[in-house]
Amino acid sequence: MVQTVAWIVSLFFMLMVVAVFSFVAWKSKEKREYEPIKKKWYKARTFYGITLVSLMLIITIYTLRELPYNQPVYGAGNDPTIVDVEALQFGWNMSQTEFSVGEPVEFHVTSKDVNHGFGIYDEEMNMIAQTQAMPDYTNKVYITFDEPGTYEILCLEYCGTAHHLMKTKIEVK
Ligand code: CUA
């Protein structure tokens, strides 16, 4: 779906570029005074610049307000399970490792030493969520498991000689 839209939008802009070039090539045969044209298009350029900057500013302010983008809104009496996750060379300390299908879970991820990566993988080893594990900072991962099974947590950032051993499992019933 996204790819189809991207393809149509790209095609549209490609056609626009072709149209503009054709127009310029066609018009280039005409001889006209340069000064009035220059004046007119300098004005257009100023207008275009101001419009673009204002538009971008509005979009930036509007979208930054929405951060963090993926923060869910929980209904009344549907509080998430908060799981404290501490990464360390070379393992994971987790306050809870068993969850239920449909239970909203928030992983609060930090690190005891260096930067690590917290990645959750399903049984087919598809990554389903991830964040950075950073010292003195907590990143949150919001997730509701919809399939029971054994999920694996892998470190996603090279953090030392035993980085590849830095994994653990969680159970979803
Ligand atoms: Cu921790 Cu790699």
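- An unreviewed UniProt entry lists the chain under the name Cytochrome aa3 subunit 2, with Virgibacillus salinus given as the organism.
- In its Function (unreviewed entry) section, the UniProt record describing the chain reads: "Subunits I and II form the functional core of the enzyme complex. Electrons originating in cytochrome c are transferred via heme a and Cu(A) to the binuclear center formed by heme a3 and Cu(B)."
- Looking at the Catalytic activity (unreviewed entry) heading of the UniProt record, one finds this comment for the chain: "4 Fe(II)-[cytochrome c] + O2 + 8 H(+)(in) = 4 Fe(III)-[cytochrome c] + 2 H2O + 4 H(+)(out)".

**Digging into the layout of surface pockets**
- Each pocket or cavity is described by its volume, and for the largest pocket that value is around 280 Å³.
- Lining the largest pocket are Phe23, Lys27, Ser28, Glu30, Arg32, Pro36, Ile37, Lys40 and Trp41.
- Sorting the residues of the lining of the largest pocket by element identifies helix 1 (2–27) and helix 2 (34–65) as the ones contributing at least two each.
- Per-element tally for the lining of the largest pocket: the top contributor is helix 2, with four residues.
- Its residues assigned to classes, the lining of the largest pocket shows four nonpolar, one polar and four charged.

**Things to note about unusual backbone geometry**
- Here Gln89 and Phe90 are connected by a cis peptide whose omega angle stands at 0°.
- Tracing the chain through its elements places Phe90 in the loop between strand 1 (81–88) and strand 2 (91–94).
- Of note, the phi angle at Met125 is positive, near 60°, even though the residue is not glycine.
- In this structure, Met125 sits in the loop between strand 5 (116–121) and strand 6 (127–133).
- Assessed through its relative accessible area of 40%, Met125 is described here as partly exposed.
- Phi at Asp136 takes a positive value of approximately 60°, unusual for a residue other than glycine.
- Along the chain, the position of Asp136 falls in the loop between strand 6 and strand 7 (139–144).

**Some thoughts on the sheet that holds strand 1**
- In space, the four strands of this open sheet follow the order 2-1-4-7, with mixed pairing throughout. In this open sheet, the two edge strands, each paired with only one partner strand, are strand 2 and strand 7. Pairs of neighbouring strands in the sheet enclose a mean axial angle of 25°, with direction left out of account.
- Bridging between strand 1 and strand 4 (residues 104–111) involves seven bridges; their strand directions are parallel. Each bridged residue has a counterpart across the sheet, and for Val83 the counterpart in strand 4 is Phe107.

What counts, and at which threshold
- Residues numbered from 1 in each chain as written.
- Predicted model: local features only at pLDDT ≥ 70, side-chain atom pairs only at ≥ 80, totals over all residues.
- Heavy atoms only, no water.
- UniProt positions renumbered as here; feature names shortened; annotations may be inferred.
- 1 Å grid on protein atoms, 1.4 Å probe; cavity = no way out; pocket = protein on both sides within 12 Å on 5 of 7 lines; lining within 4 Å.
- Points joined across faces, edges and corners; volume = space filled by probe spheres on them.
- Helix = DSSP H or I, 4+ residues; strand = E, 2+ residues; numbered from the N terminus.
- Nonpolar A, V, L, I, M, F, W, Y, C, P; charged D, E, K, R; others polar.
- Buried < 20%, exposed > 50% of the residue type's maximum accessible area, 1.4 Å probe, protein only.
- Pairing = 2+ DSSP bridges.
- Axes fitted to C-alpha atoms, helices over the stretch in contact; angles between N-to-C directions.

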